[in-house]
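One-letter residues, chain by chain:
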Amino acid sequence: MYNKLFGTLATTGIRGTHYTRGSNYVYYVQQGNNNGILGRIRTTPLERVSSGNTEATVNTQFNLDDGVTDLRWMEVFGATRELQGIGATRLYKYSDAPAGGLAAIEPTTLPGLTYNALRFTENGQGNNYYAVRLGSSNYAVVRFYLDTTTSPAKTRIEWFTYKLNFNPAMWALFNCLDPRDIVMSPDEQTAYISDGTCIYSVDNQSTAQAPNFTADLRSHILSAEVDQPQQMALFGQDLYVVDANRLLKVDPRSGVTTAVVSGLNLGVGLLIDEARRTAYVSNQGGELYSVDLAHPTPSLRPVLGVSPLPGSSGFMTWTDDTRSAFYVTVPNPVNEVLRVDLNSLTRSVVLSSADGPVDPWSVEVLSESRLFVASDRELGDLELSFANGELVMGIGLVPFQFINNPSMTPLPAPEDMGKADTTRAAGYFFQVHNVPFGGSLGLMINHRRANTEGIKFYRLTLTNEDGVSRLITYPFTDLKWHATGGEPKWVPTTSNATGTGGTPANAFAVRGSEEHWYNPNLGAIIHTNIGDNGLCTLRVDFFDTHGALLPAHSVSKQLRIDNTYTNAMVTLPRLGSATQAPEPGVYPLMDCGCITYVSKNDLVAVDFSAWHPKRSGRYYLSFARGGAYLPALYEEGSLDSVQVLHTRETTSAAGNPPMRVGHIIGNCNVANVSIQLWVPAHIIDGYRWLGYGASQAAHFTFVPDSVTMSTPWP
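Residues numbered from 1 in each chain as written. Predicted model: local features only at pLDDT ≥ 70, side-chain atom pairs only at ≥ 80, totals over all residues. Heavy atoms only, no water.

## Topic: the overall build of the chain
The condition is simple: Each helix corresponds to a stretch of at least 4 residues labelled H or I by DSSP, and each strand to a stretch of at least 2 residues labelled E; elements are numbered beginning at the N terminus. Throughout, the radius of gyration refers to the C-alpha atoms, and the reference size of a globule is 2.2 Å times the residue count to the power 0.38. A 1.4 Å probe rolled over the protein chains alone gives each residue an accessible area, and that area as a share of the maximum for its type sets the label: buried under 20%, exposed over 50%, partly exposed in between. Whether two residues are in contact is decided by their heavy atoms: any pair within 4.5 Å suffices.
Secondary structure summary: the chain contains 2 helices and 55 strands in total. For 714 residues, the compact-globule estimate of 2.2 N^0.38 gives 27 Å, and the chain exceeds it by more than 25% at 36 Å. Projected onto the principal axes, the alpha-carbon positions of the chain cover approximately 110 × 90 × 55 Å. A buried classification covers 50% of the 714 residues belonging to the chain. If you take every contact in the chain between residues at least 6 apart in sequence, the share linking residues at least 24 apart comes to 57%.

## Quick look at the pairing of strand β30 (residues 336-341)
Strand residues, when the strand is regular, have side chains that alternate between the two faces of the sheet. In plain terms, the rule: Note on pairing: DSSP must find at least two bridges between two strands before they are called paired.
Within β30, 5 of the 6 residues are buried, which leaves the element mostly enclosed by the surrounding structure. Summarising the sheet, strand β29 (residues 325-330) and β30 pair through 6 bridges and their orientation is antiparallel. Looking across to β30, one finds that alanine 325 is bridged to aspartate 341. Here β29 hands over to β30 after 5 residues, with asparagine 335 in that stretch at a positive phi of 60°. When β30 meets strand β31 (residues 346-351), the two strands line up antiparallel, connected through 5 bridges. By the bridge assignment, leucine 338 is partnered in β31 with valine 349. Counting the residues that bridge the hairpin from β30 to β31 gives 4 residues, and of these leucine 345 lies at a positive phi of roughly 50°.

## What about unusual backbone geometry?
Here the bond from asparagine 332 into proline 333 is cis, since omega is 10°, no more than 30 degrees from zero. Its place among the elements puts proline 333 in the loop between β29 and β30. Note that the residue after tryptophan 713, namely proline 714, is joined by a cis bond; omega there is 0°. Within the secondary structure layout, proline 714 lies in the segment after β55 (694-704). With a phi close to 65°, asparagine 59 is a non-glycine residue in the positive phi region. Checked against the element boundaries, asparagine 59 lands in the loop between β5 (46-55) and β6 (60-62).

## Overview of the side chain of aspartate 70
Definition in use: When charges are counted, Lys and Arg are positive and Asp and Glu negative, with His and the chain ends excluded. Just to be clear on terms, a salt bridge is a Lys or Arg side-chain nitrogen sitting within 4 Å of an Asp or Glu carboxyl oxygen.
Checked against the element boundaries, aspartate 70 lands in the loop between β6 and β7 (71-77). As a buried residue without a salt bridge, aspartate 70 has its nearest oppositely charged side chain in arginine 90, at a separation of 10 Å. Those residues in contact with aspartate 70 that sit more than four places away from it in its chain are Phe62, Asn63, Leu64, Asp65, Gln84, Gly85, Ile86, Thr89 and Leu134.

## Points about the nonpolar core
The cut-off we apply is this: As used in this record, nonpolar core signifies buried Ala, Val, Leu, Ile, Met, Phe, Trp, Tyr and Cys residues forming a set joined through side-chain atoms within 4.5 Å.
With 39 residues, the main nonpolar core has Phe437, Leu443, Val540 and Leu559 as its most contacted residues. Secondary structure elements with two or more residues in this core: β35 (392-395), β37 (440-445), β38 (457-463), β43 (522-527), β44 (534-543) and β45 (555-561). Setting aside residues no more than four positions away along its own chain, leucine 443 makes contact with Val392, Gly394, Ile395, Phe400, Leu460, Asn521, Leu522, Gly523, Ala524, Ile526, Leu538 and Val540. Grouped together as the second largest cluster of nonpolar side chains are 27 residues, Ile664, Ala671, Ala694 and Phe700 included.

## What about the sheet that holds strand β14 (residues 169-174)?
Read from one edge of the open sheet, 5 strands run β2-β3-β4-β14-β18, paired in mixed fashion. Of all the strands in the sheet, just β2 (17-19) and β18 (215-216) have a single pairing partner and so form its edges. The pairing of β2 with strand β3 (residues 25-31) spans 3 bridges and is classified as antiparallel. Its bridge partner being in β3, threonine 17 is matched across the sheet by tyrosine 28.

## Side note on the packing of aromatic side chains
What counts is decided by this rule: Two aromatic rings from Phe, Tyr or Trp, using only the six-membered ring of Trp, form a pair when their centres are within 6.5 Å; if the ring planes differ by under 30 degrees the pair is stacked, by over 60 it is edge-to-face, and anything between is tilted. Think of it as a cone above the ring: NZ of Lys or CZ of Arg counts as a charge over the ring if it is within 6 Å of the ring centre and within 35 degrees of the ring normal.
Applying the stated criterion to the full structure yields 23 aromatic pairs. Ring geometry for tyrosine 458 versus phenylalanine 542: centroids 6.5 Å apart, planes at 45°, classification tilted. With tyrosine 458 in strand β38 and phenylalanine 542 in strand β44, the pair connects residues that are 84 residues apart, well separated along the chain. Judged by relative accessible area, which is 1%, tyrosine 458 ranks as buried. In this structure phenylalanine 542 comes out as buried when scored by relative accessible area, which is 0%. These aromatic residues form a ring-pair network of at least three members: Tyr458, Phe476, Phe508 and Phe542. In this structure, arginine 143 is placed above the aromatic ring of tyrosine 145, and the distance from its NZ or CZ to the ring centre is 3.6 Å.

## A short note on the sheet that holds strand β20 (residues 232-235)
The line we're drawing: Axis lines are fitted through C-alpha atoms, for helices just across the contact stretch, and the angle between N-to-C directions can take any value from 0 to 180 degrees.
An order of β20-β21-β22-β23 is seen for the 4 strands of this open sheet, with the pairing classed as antiparallel. Where the open sheet ends on each side, the last strands, each with one partner, are β20 and β23 (257-262). Strand-to-strand twist of the sheet, defined as the mean angle between neighbouring strand axes without regard to direction, takes the value 25°. Of the strand pairs in this sheet, β20 and strand β21 (residues 238-242) are connected by 4 bridges, and their pairing is antiparallel. In the strand pairing of β21, methionine 232 is matched with valine 241.

## A closer look at the side chain of aspartate 273
Here aspartate 273 shows up in strand β24 (residues 267-273). On the accessibility criterion, aspartate 273 (2% relative accessible area) is buried.

## Focus on the pattern of salt bridges
One pass over the structure, following the stated rule, counts 25 salt bridges. Close ionic contact of arginine 560 with glutamate 465 constitutes a salt bridge, the shortest N to O distance being 3.8 Å. Of the two residues, arginine 560 sits in strand β45 while glutamate 465 sits in the loop between β38 and β39 (469-472), which places them 95 residues apart along the sequence. According to the relative accessible area criterion, arginine 560 is buried, its value standing at 13%. Among the salt bridges present, the one from arginine 539 reaches aspartate 541, with a minimum N-O distance of 3.0 Å. Given a relative accessible area of 36%, arginine 539 falls into the partly exposed group. Here the salt bridges share partners, and the residues they tie into one network are Arg21, Glu274, Asp321 and Arg323.

This is the structure we're talking about:
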């Protein structure tokens, strides 16, 4: 969602921006009335400077920030007590306790309140909320309440204090009439500015904490060998810039300018991938080119598939440090911000003309979820997080992006459709590969985006592989933050569907934007069963505040459900002689938990089965002697769909010799043996593996047949 931060800053002409990752400021340039302007604004106009919660006693004072004291609680006459502002502090009292408590009050609303009170009657026995404008120009929100969780009850004051940095710092650039782009040195103490006729270098004339870039640029010309220079980029010690026809390299120390490549036809945008030594440039016609900077004779190579843009190009910026995609503006009349993916050679609209400002020119990436957008007459930010994401997000820890679906390239195998595969999200902590879902599934809904689009309800329908549908209306309980009525705490709160009499029927309500939940995106718990096994379709329909269906927002997702248990069976070993293989189906009887053998050369065979109707998962067969694992006898493999008898009768030693008693008991003559068959569940509920697995073991002791196993007792 785009949000205007600063509007109508000048007559016209905001163009280039610069942001150093991790910095607190964005620099920008624009045209002034008679000169250019270099501006700097905070990346976070809102800054919390203080917070606290302390006991309040009569005739005490409170300091709500790092300045002088701001409030006092006074006994004025008799039993009457007042909460008073000190000095220039003024108060506003909320008529009702804000939903969500003190922390839920939006700080950006504070400057718009009416602060005309110096004092309010306050006996300290209630639960009252105040907004406070401090003499330091900061704003605070205050809760003055009786804490009944203590004995005896005590009056307390809780507060959050904010600094609202809405005014950018601006410096005049005399004799710079048409600034286009700005690049800061790594230490942000030197600004390089491209103008319509030249490039300037301007040094900070003050401290890093309180800089001053005001300068008469007649004495700061870095290069005059340019023609309408536009976007710039630093690469090593050199400054690169595109102008009307060329990509140029400028030495900031000497001002020497070298043409890298020509033929741009009114160049505009420039990016450099330092690792690959490649430049990407754009021109006024919207054509995109790459330039191999390491080549002895660089040339312009069209970026096929995404070029030309739908209009004239603005400036470009990398989406992240991988340099695999970039944002580019398309100014008036198109008025869009695009994302160009260099791997897939595709482009998508990040900010459309309907939602964004007129004439966007430059973009900076403040974080993975927030962009800074500079347009001709305003500066704003664009939230890319959940407000711009899908309404239906995923199952538990698995986004639908990582659940196999028919839109993927390459197309998943038919038996893998609807399964979770987060291995495509390299480094993600919840790694699963082509596994189905089962049990109770937590559906994640983008409540934040739903609120921004006027969606108030959603209804879930699950259709199984046979076409049988059912509504999902199971109540579910999450933890909701309650900040009023005593000590703030998480409270178990149940969400219910509206039922058949609701409007709309059998639908859940979208969580309010002012509400705080421990699992903020949880939208439903879908309890599945054996009847859901197979490829199911989950449909989510959305409704407005009047219960009217919003067809354009309906979403269908495929899920592979499997609530079937795996199966395992392993037998006692069949024994033959040194030269005769064990007879099929003839199993020993244990005597006193022991199996006797004639020779360590006796041949051995172990029968087992491992199966699952969908062949989902693998089996693991292992042997141990006296608790010591025997790797040469280990085996694993795929499951069968029905019970099939398999036999382990060889070892994995060189040549795969047949398995004999000696391979199992080694140097021992008498040895306790364990044979373990494990078939773990290959099914998740979105958070964890389900306990649908199976295991079976055979435990016995090998004993020479010369040993008398038992005698009568007593």
